[in-house]
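Residue-level structural notes
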Amino acid sequence: MSGQEIRLEGVGVAPGIARGMVFIHHPDDEEPPKRRIDDFEIPGEIGRFETALIATRAQILEMQQRIAEAIGAKDASIFDAHLLVVEDRTLIDEVLRTLERDKFNIEFIFAQVANRYAHTLSQIDDPYLRERAFDIHDVTRRVIRNLLGQTGQSLTHLDSPQVVVAHNLTPSDTAMLNRQMVLGFATDIGSRTSHTAIMARSLNIPAVVGLKDASTRLKPGDHVLLDGTNGYLFVNPTDQTLWEYGEVEVRLEQVEEVLTGLRDTESTTADGRHVILSANIELPEDVELVKGAGAEGIGLYRTEFFFLNKNELPDEQEQYRVYRQVAEAIYPQSVIIRTLDLGGDKFLSHAHLPAEINPFLGCRAIRFCLDRPDIFKAQLRAILRASAVGNVRMMYPMISGLPELRQANEVLDACRQELRAEGVTFDENLEVGIMIEVPSAALAADALAKEVEFFSIGTNDLIQYTIAVDRVNERIAHLYEPTHPAIVRLIELTVQAAHSNGIWVGVCGEMAGEISLTPLLVGLGVDELSASPGLVPRVKKAVQTLSTKECLRLVEDIRSLNSASEILKRCEDVARRHYAELLS
Ligand code: PEP
Ligand code: MG
């Protein structure tokens, strides 16, 4: 996009400011973007198409040359068929005709026509023509990559720091990327509690989601400024915008300096109540972030990220090595290892999960593990073994009721017995807890509390399942309200059930890092908050400035309120009185 400054608006999901060049990420197997065009854009699209065909031809010739030198001209001749595709007049003419008739961007038109062409050839009972269909498919990908300005660079191989713009980033994409090279993320779709947004916060990478069509409007190399706090993406920022953001950055740095100074202080309210402040991690490398943030340990280790992007499931030994590494690195502080939470928006690249119509309500998390005791046992044994060397706790995700918890504990007991029989040591007193993230678990918390050692409230899912609002669907994001009276009530019920049964209760969903909601969670009596490492210093500052008395008063005040927005406003009023400088 050239020329004037344009401000695209989305939702800020990870705070901070990034400026730099754009890298457009299109997963190879994704449909090319689709955009309607006007008549006057047609000559430009034809020009882009011709340039892409020339570039593709040059790349094929170069590849052919390299292969001829390396393994001989005979093998290199397979590329003759590829060259024929870029020179195929019937195909090219049909693309141009369809472009004039349908008026969509050229990559979309080309993909449609080429796929149709390949499909027709593949149906003909002739091995030569069927081969040609494969050639067309290969060449189509290459032409589209050239049209989209992709250099074949993938997220893993970014070689200079850039702002990644994509239609969507999956948790697998995010887990794969080279963090040093990503200045910021901007996506067309997504929401605050998608696992990609959660990862961006963990990594301290500013991010904006819900930018609608940014990935098709921007070009690789465009200059942008990304404001992850307010959810803006400025394309071609003017000097004035850059200057204004420079000023904002100076202010943010001053706040950061104060926060850094709190690193070794306690997370205790102004009137002396200690609220345990932990951090969430997705990958073992994140332990360093936790220590740097001044957290008291790891309140949630999302182990499934280690399973994504693997060709095979990691076996017990491989998992043991990783859990042990985390447990040792955080020692003497503790780590709560959450057992596999696959499904929902986290899928394995190798097809171990059958497709489901409602994956968030399907065979996710503990349900998947109970269905696959082989996978579950390998993980439980690995966790138990790691408990011998560190301060390890463990929890199950998505427990919906007592029978499920008991079933999981039976598998755990079987693992304990096996290890004892094998003479392998583990912590016999390993604390086992559950996540409260399904409404039925919050409502049955009293019974569940009698059979576990702690609760950790997963508000991300608790909100999704209580309000029936998909946490990753930006179209209904307005309904995703953490201060919905029903959510407040479920948290309160859970805390009461935990305390009356003598166990502690934490919050590890994104609410724990929302400092406007810290007064509410402290007032509700939560014992632990576990947030993304990057947010921990802010939460600590919030806790330190609040008084329990005022937080309790807030909880009493909101009892009569029936709307999420009114409750949120009351929370924000308290937060603003104490730490306004952190909120903007
Ligand atoms: C939650 O649901 O709040 C939670 C912490 O788990 P996840 O975000 O990984 O689903
Ligand atoms: Mg969850």
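Provided above is the structure to which this section pertains.
Residues numbered from 1 in each chain as written. Chains lettered and ligands numbered in written order. Predicted model: local features only at pLDDT ≥ 70, side-chain atom pairs only at ≥ 80, totals over all residues. Heavy atoms only, no water.

1. Brief notes about the packing of aromatic side chains
- What the rule picks out here adds up to eight aromatic pairs.
- Ring plane angle 65° and centroid distance 5.5 Å describe the contact between Phe-234 and Tyr-245, whose orientation is recorded as edge-to-face. Of the two residues, Phe-234 sits in strand 8 (residues 232–235) while Tyr-245 sits in helix 10 (residues 239–260), which places them eleven residues apart along the sequence. Accessibility assignment for this pair places Phe-234 and Tyr-245 in one class, buried.
- On the numbers, 6.5 Å between centres and 85° between planes, the contact of Phe-306 with Phe-307 is edge-to-face. In terms of burial, Phe-306 and Phe-307 fall into one category: buried.
- Here the aromatic cluster, defined as three or more aromatic residues joined through ring pairs, consists of Tyr-232, Phe-234 and Tyr-245.
- Looking at Arg-7, its charged tip hangs above the ring of Tyr-232, at a distance of 3.9 Å from the centre.
- Lying across the ring of Phe-104, Lys-34 places its NZ or CZ 4.9 Å from the centre. (Phe/Tyr/Trp six-rings, centres within 6.5 Å; stacked < 30°, edge-to-face > 60°. Helix = DSSP H or I, 4+ residues; strand = E, 2+ residues; numbered from the N terminus. Buried < 20%, exposed > 50% of the residue type's maximum accessible area, 1.4 Å probe, protein only. Lys NZ or Arg CZ within 6 Å of the ring centre and 35° of its normal.)

2. Focus: the site of ligand 1
- Surrounding ligand 1, one finds 17 residues, the nearest of these being Arg-302, Arg-338, Gly-458, Asn-460 and Arg-471.
- Contact distances for ligand 1 include 2.9 Å between an oxygen atom and a side-chain N or O atom of Asp-461.
- Relative to its unbound accessible surface of 280 Å², ligand 1 loses 100% to contact with the protein.
- According to the grid-proximity analysis, the pocket containing ligand 1 is the second largest cavity.
- Listed by contribution, the elements that provide at least two residues to the shell around ligand 1 are helix 8 (195–202), strand 10 (297–302) and helix 18 (459–467).
- For the shell around ligand 1, the element with the most residues is helix 18, which contributes three residues.
- Class assignment of the residues belonging to the shell around ligand 1 gives a composition of four nonpolar, five polar and eight charged. (Near = heavy atom within 4 Å. Polar contact = N/O pair within 3.5 Å; in protein donor to acceptor, adjacent residues only side chain to side chain. Areas by Shrake-Rupley, 256 points an atom, 1.4 Å probe, with all protein chains shown as cover. 1 Å grid on protein atoms, 1.4 Å probe; cavity = no way out; pocket = protein on both sides within 12 Å on 5 of 7 lines; lining within 4 Å. Sits in = over half its atoms within 2 Å of the grid points. Nonpolar A, V, L, I, M, F, W, Y, C, P; charged D, E, K, R; others polar.)

3. Regarding the layout of surface pockets
- Computed from the structure, the second largest pocket encloses a volume of approximately 440 Å³.
- If you trace the second largest pocket, you find 19 residues lining it, with Arg-48, Thr-216, Arg-217, Leu-218 and Lys-219 closest to the centre.
- Formed jointly, the lining of the second largest pocket draws a minimum of three residues from each of two domains, domain 1 (6–27 + 152–254) and domain 2 (39–147). (Points joined across faces, edges and corners; volume = space filled by probe spheres on them. Domains from an automatic or database assignment.)

4. Things to note about the coordination of the magnesium ion (ligand 2)
- Binding of the magnesium ion (ligand 2) to the protein goes through Glu-437 (OE) and Asp-461 (OD), at separations of 2.0 to 2.1 Å. Of this pair, Glu-437 sits in the loop between strand 13 (431–436) and helix 16 (439–443) while Asp-461 sits in helix 18; the two residues are 24 residues apart in sequence, bridging distant segments of the chain.
- Take Glu-437: its relative accessible area is 2%, and that puts it in the buried class. (Donors = N, O, S within 2.8 Å, 3.2 Å for Na, K, Ca; no water.)

5. Observations regarding the side chain of Asp-88
- Assignment of secondary structure puts Asp-88 in the loop between helix 3 (78–86) and helix 4 (89–102).
- With a relative accessible area of 13%, Asp-88 lands in the buried category.
- Here the side chain of Asp-88 touches Thr-90 through a polar contact of 3.0 Å, landing on its backbone nitrogen.
- Contacts of Asp-88, omitting those with residues within four sequence positions, involve Tyr-117 and Arg-132. (Contact = heavy atoms within 4.5 Å.)

6. Points about the packing of helix 4 against helix 5 (residues 106–123)
- Here helix 4 crosses helix 5 at 130°, and the two axes come no closer than 9 Å. By the angle between their directions, the pair helix 4 and helix 5 is classed as oblique. In this structure, the crossing between helix 4 and helix 5 has a hand that is right-handed. Where helix 4 approaches helix 5, its residues Thr-90, Leu-91, Glu-94, Val-95, Thr-98, Leu-99 and Asp-102 are matched on the opposing element by Ile-106, Ile-109, Phe-110, Val-113, Ala-114, Arg-116 and Tyr-117.
- For the contact of helix 4 with helix 5, a count of residues per class yields nine nonpolar, two polar and three charged. (Axes fitted to C-alpha atoms, helices over the stretch in contact; angles between N-to-C directions. Parallel < 35°, antiparallel > 145°, perpendicular 65-115°, else oblique. Left-handed = near helix turned anticlockwise from the far one by under 90°.)

7. Notes on the environment of Leu-242
- Positionally, Leu-242 belongs in helix 10.
- On the basis of relative accessibility, which here comes to 28%, the residue Leu-242 falls in the partly exposed class.
- Once the C-alpha coordinates of Leu-242 and Leu-225 are considered, the two residues, 17 residues apart in sequence, prove to be 7.9 Å apart.
- Apart from the residues lying within four places of it in its own chain, the contact partners of Leu-242 are Arg-19, Leu-225 and Pro-237.

8. Let's talk about the packing of helix 14 (residues 373–387) against helix 15 (residues 402–422)
- Helix 15 packs onto helix 14 with a crossing angle of 60° between their chain directions and a minimal axis gap of 9 Å. Taken as axis vectors, helix 14 and helix 15 run oblique relative to one another. For the pair helix 14 and helix 15, the sense of crossing is right-handed. From helix 14, Phe-376, Lys-377, Leu-380, Arg-381, Leu-384 and Arg-385 reach across to helix 15, where they touch Ala-408, Val-411, Leu-412, Cys-415, Arg-416, Glu-418, Leu-419 and Glu-422.

9. Description of the environment of Phe-306
- Its location among the elements puts Phe-306 in the loop between strand 10 and helix 12 (316–330).
- With a relative accessible area of 11%, Phe-306 lands in the buried category.
- Along the backbone, Phe-306 and Ala-14 are 292 residues apart, and their C-alpha atoms lie at a distance of 22 Å.

10. Description of the pairing of strand 15 (residues 504–507)
- The alternating pattern of strand 15 places Trp-504 and Gly-506 and Val-505 and Val-507 on opposite faces, both of which are buried.
- Summarising the sheet, strand 14 (residues 454–457) and strand 15 pair through four bridges and their orientation is parallel. Within the sheet, the bridge partner assigned to Ile-457 lies in strand 15 and is Val-507.
- Bridging between strand 15 and strand 16 (residues 528–531) involves two bridges; their strand directions are parallel. The residue of strand 16 that forms the bridge with Val-507 is Leu-529. (Pairing = 2+ DSSP bridges.)

11. A short note on the sheet that holds strand 10
- If you walk around this closed barrel you meet the eight strands as 9-10-11-12-13-14-15-16, and the pairing is parallel. Taking each pair of neighbouring strands and ignoring which way they run, the sheet shows an average axis angle of 30°.
- Contacts from helix 14 reach strand 11 (334–338) and strand 12 (391–396) within the one sheet, and its direction differs from that of strand 12 by about 155°.

12. Comments concerning the pairing of strand 8
- Two elements, strand 1 (residues 6–9) and strand 8, share four bridges in a ladder whose sense is antiparallel. What sits directly across from Glu-9, in strand 8, is Tyr-232.
- Alignment of strand 7 (residues 223–227) against strand 8, held across four bridges, turns out to be antiparallel. The residue of strand 8 that forms the bridge with Leu-226 is Leu-233.

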